[in-house]
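Below, each chain spelled out in residue letters.
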Amino acid sequence: MKTFSFFRYFGRIVLAAKNPVIFWASLRTSLFVGSILNTINQGGAFIEGAPIAVGHLLMNYVVPFCVSSYSAARNEIFRNSSNVAQEKQNNIKR
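These numbers come from a predicted model, not from an experiment. (Residues numbered from 1 in each chain as written. Predicted model: local features only at pLDDT ≥ 70, side-chain atom pairs only at ≥ 80, totals over all residues. Heavy atoms only, no water.)

A. Up close: the packing of aromatic side chains. Counted according to the given criterion, the structure contains 2 aromatic pairs. Between F23 and W24 the ring centres are 5.0 Å apart and the planes differ by 85°, which places this aromatic pair in the edge-to-face class. A centroid spacing of 5.7 Å and a plane angle of 75° characterise the contact between F23 and F65, whose relative ring orientation is edge-to-face. Within this pair, whereas F23 is found in helix α2 (residues 20-48), its partner F65 is found in helix α3 (residues 54-93), the two being separated by 42 residues in sequence. Taken together through their ring pairs, the aromatic side chains of F23, W24 and F65 make up a single cluster. (Phe/Tyr/Trp six-rings, centres within 6.5 Å; stacked < 30°, edge-to-face > 60°. Helix = DSSP H or I, 4+ residues; strand = E, 2+ residues; numbered from the N terminus.)

Okay, here's the thing in structure tokens:
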């Protein structure tokens, strides 16, 4: 039964992350954070003109994008579920 709830939760995260507002906010965040990470991690290579590690460069952008998307989607799910719970409470009080 736990496996089923994991896949349901994962599906809800993916659906929430498809929201254009979340996508573009995550993209902006990843560009900002990824640029800082690349400067820190490969700054010496930039300055010396040495080859850049393309895999590291990509991961420095992909990881912040995934983290930001997940966090925003999770927040959206919990916010929506708390709104639903609040509406149920209001309906019970009436």
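B. Quick look at the side chain of N60. Within the element layout of this structure, N60 appears in helix α3. Overall, N60 belongs to the buried group, its relative accessible area being 10%. Excluding anything up to four places from it in sequence, N60 contacts G34, L37, N38, N41 and Q42. (Buried < 20%, exposed > 50% of the residue type's maximum accessible area, 1.4 Å probe, protein only. Contact = heavy atoms within 4.5 Å.)

C. Representation of a nonpolar patch on the surface. Among the surface-exposed residues, V54, L58, M59, V62, V63 and V67 lie close enough to one another that they form a single nonpolar patch of about 520 Å² accessible area. Counting through the fold element by element, M59 comes out in helix α3. (Patch = residues over 30% accessible without salt bridge, like charges linked within 9 Å, V, L, I, M, F, W, Y side chains within 5 Å. Areas by Shrake-Rupley, 256 points an atom, 1.4 Å probe, with all protein chains shown as cover. Salt bridge = Lys/Arg side-chain N within 4 Å of Asp/Glu carboxyl O.)

D. Local environment of α2. Across its 29 residues, α2 extends 39 Å between first and last C-alpha, which sits within 8% of the 42 Å expected from 1.5 Å per residue. Those residues of α2 that fall on the buried side of the exposure criterion are I22, S26, S30, G34, N38, Q42, G43 and A45. A side-chain oxygen of the first residue of α2 lies 2.9 Å from the backbone nitrogen of V21; this N-cap is N19. (Expected span 1.5 Å × (residues − 1). Polar contact = N/O pair within 3.5 Å; in protein donor to acceptor, adjacent residues only side chain to side chain.)

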